[in-house]
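# Observations on the three-dimensional arrangement
Below are the chains, spelled out letter by letter.
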Amino acid sequence: MSLPPVFPATFYKLLAEGAKKLGVTRVKFAMDAARHYLGSLEKKNAPIAKALGSEELAKRFGEARSKIAK
């Protein structure tokens, strides 16, 4: 099964360059990038980030809680 290209040629070029730079396949690079992007969005839109007003404050709050727990 072959799908027609839906992204511009520059996307495929960037995909190949990134995969080559990291020494992984294009598929692994694309999957890891998608997972990273989704994780980043989840952190950005997390309830604690919304309550504190920024992702940076949420990160600092989490670090402080971790230190207190230790």
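Because the structure is predicted, anything quoted here is derived from the model rather than measured.

## Here's the deal with the pattern of salt bridges
Tallying each qualifying case throughout the model produces two salt bridges. Put simply, Asp32 and Lys28 hold a salt bridge, and the shortest N to O gap is 2.9 Å. On the criterion of helical spacing, the pair formed by Asp32 and Lys28 is a turn pair, its members being four residues apart in helix H2 (residues 26-44). For Lys28, a relative accessible area of 42% corresponds to the partly exposed category. The salt bridge partner of Asp32 is Arg35, with a shortest N-O separation of 3.6 Å. Highlighted residues: Asp32 and Arg35, both in helix H2, separated by three residues, approximately one helical turn. For Arg35, a relative accessible area of 53% gives the class exposed. Residues participating in the shared-partner salt-bridge network are Lys28, Asp32 and Arg35.

## What to know about the packing of helix H1 (residues 9-22) against H2
Where H1 contacts H2, the axes come no closer than 8 Å and their chain directions differ by 100 degrees. Judged on the interaxial angle alone, H2 and H1 are roughly perpendicular. Contacts from Leu14, Leu15, Ala16, Gly18, Ala19 and Leu22 of H1 reach H2 at Arg26, Phe29 and Ala30. Partitioning the contact of H1 with H2 into residue classes produces seven nonpolar, one polar and one charged.

## A closer look at the environment of Lys13
Here Lys13 is to be found in helix H1. Taking the C-alpha atoms as reference points, Lys13 and Gly53, 40 residues apart in sequence, are found 37 Å from one another.

## Regarding the packing of aromatic side chains
Geometrically, a pair of aromatic rings is defined through the distance of the ring centres and the angle of the planes. Throughout the structure, instances matching the rule amount to three aromatic pairs. Considering the side-chain rings of Phe7 and Tyr12, the 6.2 Å spacing of their centres and the 70 degrees angle between planes classify their relative orientation as edge-to-face. Owing to a relative accessible area of 33%, Tyr12 belongs among the partly exposed residues under this scheme. Cluster of aromatic residues (ring-pair linked, three or more members): Phe7, Phe11 and Tyr12.

## Describing a nonpolar patch on the surface
A cluster of nonpolar side chains, namely Val6, Phe7, Phe11 and Tyr12, defines an oily patch on the protein surface of about 390 Å² accessible area. Topologically, Phe7 is positioned in the segment before H1. What makes Phe7 partly exposed here is its relative accessible area of 46%.

Here is what the cut-offs are and how they apply
- Residues numbered from 1 in each chain as written.
- Predicted model: local features only at pLDDT ≥ 70, side-chain atom pairs only at ≥ 80, totals over all residues.
- Heavy atoms only, no water.
- Salt bridge = Lys/Arg side-chain N within 4 Å of Asp/Glu carboxyl O.
- Helix = DSSP H or I, 4+ residues; strand = E, 2+ residues; numbered from the N terminus.
- Buried < 20%, exposed > 50% of the residue type's maximum accessible area, 1.4 Å probe, protein only.
- Axes fitted to C-alpha atoms, helices over the stretch in contact; angles between N-to-C directions.
- Parallel < 35°, antiparallel > 145°, perpendicular 65-115°, else oblique.
- Contact = heavy atoms within 4.5 Å.
- Nonpolar A, V, L, I, M, F, W, Y, C, P; charged D, E, K, R; others polar.
- Phe/Tyr/Trp six-rings, centres within 6.5 Å; stacked < 30°, edge-to-face > 60°.
- Patch = residues over 30% accessible without salt bridge, like charges linked within 9 Å, V, L, I, M, F, W, Y side chains within 5 Å.
- Areas by Shrake-Rupley, 256 points an atom, 1.4 Å probe, with all protein chains shown as cover.

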